[in-house]
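Observations on the model geometry
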Amino acid sequence: IDYRADRITVDCADENLSAASAWLWNAALGCRTLLRGGLPLHAAGVEVASRYVGIMAASGSGKSTLTHHLLTQTGARFGNDDLIPVYTENGAAI
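Residues numbered from 1 in each chain as written. Predicted model: local features only at pLDDT ≥ 70, side-chain atom pairs only at ≥ 80, totals over all residues. Heavy atoms only, no water.

Below, the discussion takes up the environment of glycine 30. Among the secondary structure elements, glycine 30 is positioned in helix H1 (residues 18-35). Judged by its relative accessible area of 8%, glycine 30 falls in the buried class. Distance from glycine 30 to histidine 42, taken between C-alpha atoms, is 9.6 Å for residues 12 residues apart in sequence. Aside from chain neighbours lying at most four places away, what touches glycine 30 is Pro40 and Leu83. (Helix = DSSP H or I, 4+ residues; strand = E, 2+ residues; numbered from the N terminus. Buried < 20%, exposed > 50% of the residue type's maximum accessible area, 1.4 Å probe, protein only. Contact = heavy atoms within 4.5 Å.)

Listed below in structure tokens is the structure:
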């Protein structure tokens, strides 16, 4: 993460490290969100009918399953499966 939180670079050339790369990417996204005044939430996110929808629930409760269903059955677009950044303006999420 650069000092202004404008750029995140994750370099993981070894195919065996893809899980580590995903974890590092989420950690970097969480840090970037905090540095920019947002709140990183443990949630899945999809775009449905031009609206971004966050799916929050406890680990293991089916967020990924619901996300997969929305993607395959409704034409929703994938956003993130583990962490979504939330920013507010005048107390409302933007």
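Structure's up, so let's keep going.
Structurally, the position occupied by isoleucine 84 is in strand E4 (residues 83-86). Other than its neighbours up to four places away in sequence, isoleucine 84 contacts Leu39, Pro40, Leu41, Ala43, Ala44, Gly45, Tyr52 and Gly54.

Turning next to helix H2 (residues 63-73). Turning to H2, its buried residues number three or more, namely Lys63, Thr67 and Leu70. Down the axis of H2, the sector holding all buried residues measures 65°, keeping them to one side. Every exposed residue of H2 that faces more than 90 degrees away from the buried side is listed here: Thr65, His68 and Gln73. Contacts made by the buried residues of H2 are with strand E1 (39-48), strand E2 (51-56) and strand E3 (77-80). Directly beyond the C-terminal end of H2, a positive phi value near 80° is found at glycine 75. (Arc of directions from axis to C-beta.)

All right, on to the pattern of salt bridges then. Overall, the coordinates contain 1 salt bridge when judged by the stated rule. The residue glutamate 47 makes a salt bridge to arginine 77 at a minimum N-O spacing of 4.0 Å. A residue pair is termed long-range when its members are at least 10 positions apart, and glutamate 47 in strand E1 and arginine 77 in strand E3 qualify at 30 residues. Since its relative accessible area comes to 29%, glutamate 47 is described here as partly exposed. (Salt bridge = Lys/Arg side-chain N within 4 Å of Asp/Glu carboxyl O.)

So, to be careful, I would describe these as geometric facts and stop short of saying anything about function.
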